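# Breakdown of the fold
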Amino acid sequence: MPFFIVRNDITKMKVDAIVNAANETLLGGGGVDGAIHRAAGPALLKECRSLGGCETGKAKITGAYNLPSRYIIHTVGPRWFGGRYGEREKLFSCYRESLFLAKRYGVSTIAFPLISAGSFGYPRDQAMQIASDAITTFLQGNEMTVYLVIFDRVSFQIGRSRFPQIAAYIDDCYAQSHEDKSRRDNEGCLLSTCFPEPASYQPDISATCPEPCQNARNHLVHALSHLDESFSEMLLRKIDEKGMTDADCYKKANIDRKLFSKIRKDRLYKPSKPTAVAFAIALELSLEETKELLMKAGFALSHSNAFDIIVEYYIIHHQYNIYEINETLFSFDQNLLGTA
Ligand code: AR6
């Protein structure tokens, strides 16, 4: 189900299938094609010779030989001629054809490079958008974990220029929290007058087994047997309130079905923060509700890190597309939402 953007060398990905951005001959080349052939070994070229090439926008499958995956799916992206020659449709088709071919072979995890975005010259932002559209369209009706592998840092080390409003928002939030901090530092003495230390606080260590102690124990036992609504209880309640099905929710949250059923079964399940935030996004919670849900899992949103600020930005702008949020998080080098 989930879709992740990762920075890696695709030949190192431990998935069922990796996709090769090949050319019509399928006989190797430079870029990711060259890297895959080198890592897989010469037997790959031998099998490729038997395939009779491949048309642009189509895909063919081979074994993966020395690579850690089971299959290589070879697809041929379009060359960029300015965008008026059906480039978009052909590129979309590369992803769709590769994914359906993978499905026929029982693949459950697959990794794509950014097809056509190297020597074929497709503008990276547009190539990325098409990849994301094609993959998420497929995932709406199919079960698979899909990785989009970005190789070179420059490709996506450009959060500031790709998302200028978000970069500005992060700057504002950092600046604000810095101002707050320096005000606190400067007003340290004032703060301490607000919260003075008790003048004569002395812990009572003389009592051996006092009654108050027993009372405190009883209170504790009582509190522990009357816990507040847990994370998973709040999640399930919100799913019902929103009129969603479980599947609507975990798909929208970029969460694997197995993980969701674990959360459903265990009322005290403790999710990771990206998982908890992913559910808040899927449920389209307000900022207050998001904070409440996170608190139940032991987390908060603050202005001290970019992850929290980016999430907050999207929530207050009522933009709940998790893939778009993940693209932004990726661009700013942050953890992505959801779980594979
Ligand atoms: N892992 C992941 N991504 C990579 C890797 C890697 N090891 N190496 C490069 N990339 P390109 P194309 C990225 O040129 O544009 C070949 O010669 C790279 O940064 O490999 O579809 C074929 O034989 C870029 O973002 O493929 C064809 O003739 C993306 O992979 C032609 O190039 C695609 O770049 C295909 O051109």
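These remarks concern the structure in this document. Note that the structure is predicted; figures quoted are calculated from it, not measured. (Residues numbered from 1 in each chain as written. Predicted model: local features only at pLDDT ≥ 70, side-chain atom pairs only at ≥ 80, totals over all residues. Heavy atoms only, no water.)

Of regular secondary structure, the protein chain possesses 16 helices and 6 strands. For the protein chain, contacts bridging at least 24 residues in sequence account for 71% of all contacts bridging at least 6. Carbon and sulfur atoms make up 53% of the accessible area of the protein chain, which amounts to about 17,700 Å² in all. (Helix = DSSP H or I, 4+ residues; strand = E, 2+ residues; numbered from the N terminus. Contact = heavy atoms within 4.5 Å. Areas by Shrake-Rupley, 256 points an atom, 1.4 Å probe, with all protein chains shown as cover.)

Time to look at the sheet that holds strand 4 (residues 71-76). Adjacent strands of a sheet form backbone hydrogen bonds with each other and so pair up, either parallel or antiparallel. Strand order in the open sheet formed by 6 strands is 1-6-5-2-4-3, with mixed pairing between adjacent strands. Strands at the two margins of the open sheet, each flanked by one partner only, are strand 1 (3-7) and strand 3 (59-63). Ignoring strand direction, the axes of neighbouring strands in this sheet form an average angle of 25°. Across 6 bridges, strand 2 (residues 17-22) lies against strand 4 in parallel orientation. Across the sheet, the residue bridging to Ile18 is Ile72, located in strand 4. Contacts from helix 2 (residues 42-49) reach strand 3 and strand 4, with the element oriented near 135° to strand 3. Most of the contacts of helix 16 (residues 322-331) go to strand 1, to which it runs at about 10°, and overall it touches strand 1 and strand 6 (145-150). (Pairing = 2+ DSSP bridges. Axes fitted to C-alpha atoms, helices over the stretch in contact; angles between N-to-C directions.)

Moving on, we get to the packing of helix 10 (residues 231-241) against helix 12 (residues 257-265). It is the contact of helix 10 with helix 12, at a shortest axis distance of 8 Å, that shows an interaxial angle of 110°. Accordingly, the angle class assigned to the pair helix 10 and helix 12 is roughly perpendicular. Residues Phe231, Ser232, Leu235, Leu236 and Ile239 of helix 10 touch helix 12, and the partners they reach there are Phe260, Ile263 and Arg264. Of the residues in the contact of helix 10 with helix 12, the class split is 6 nonpolar, 1 polar and 1 charged. (Parallel < 35°, antiparallel > 145°, perpendicular 65-115°, else oblique. Nonpolar A, V, L, I, M, F, W, Y, C, P; charged D, E, K, R; others polar.)

Turning next to the packing of helix 3 (residues 87-104) against helix 4 (residues 124-141). Where helix 3 meets helix 4, the closest approach of the two axes is 9 Å, and the angle between their N-to-C directions is 40°. Relative to helix 4, the crossing made by helix 3 is right-handed. Where helix 3 abuts helix 4, its residues Arg88, Leu91, Phe92, Tyr95, Leu99, Phe100 and Lys103 lie against Ala127, Ile130, Ala131, Asp133, Ala134, Ile135, Thr137 and Phe138. Residues of the contact of helix 3 with helix 4, tallied by class, amount to 11 nonpolar, 1 polar and 3 charged. (Left-handed = near helix turned anticlockwise from the far one by under 90°.)

Mapped onto the elements, Thr328 comes out in helix 16. The buried category is assigned to Thr328, whose relative accessible area is 0%. Residues contacting Thr328, with those up to four places away along its chain left out, are Phe163, Ile166, Ile310 and Tyr314. (Buried < 20%, exposed > 50% of the residue type's maximum accessible area, 1.4 Å probe, protein only.)

Attention now moves to the pattern of salt bridges. Counted according to the given criterion, the structure contains 14 salt bridges. Ionic pairing is found between Glu233 and Arg267, a salt bridge with its closest N-O pair at 2.7 Å. Of this pair, Glu233 sits in helix 10 while Arg267 sits in the loop between helix 12 and helix 13 (273-282), placing them 34 residues apart in sequence. Classification of Glu233 by relative accessible area gives partly exposed; the value is 29%. (Salt bridge = Lys/Arg side-chain N within 4 Å of Asp/Glu carboxyl O.)

What follows concerns the packing of aromatic side chains. According to the stated counting rule, one finds 12 aromatic pairs in the structure shown. With 5.3 Å between their ring centres and 70° between their planes, Tyr71 and Tyr105 make a pair best called edge-to-face. Linking Tyr71 in strand 4 with Tyr105 in the loop between helix 3 and strand 5 (109-112), this pair joins segments that are 34 residues apart in sequence. Ring geometry for Tyr250 against Phe260: centres 5.4 Å apart, planes inclined by 40°, an arrangement best described as tilted. With Tyr250 in helix 11 (residues 246-252) and Phe260 in helix 12, this pair connects stretches of sequence that are 10 residues apart. (Phe/Tyr/Trp six-rings, centres within 6.5 Å; stacked < 30°, edge-to-face > 60°.)

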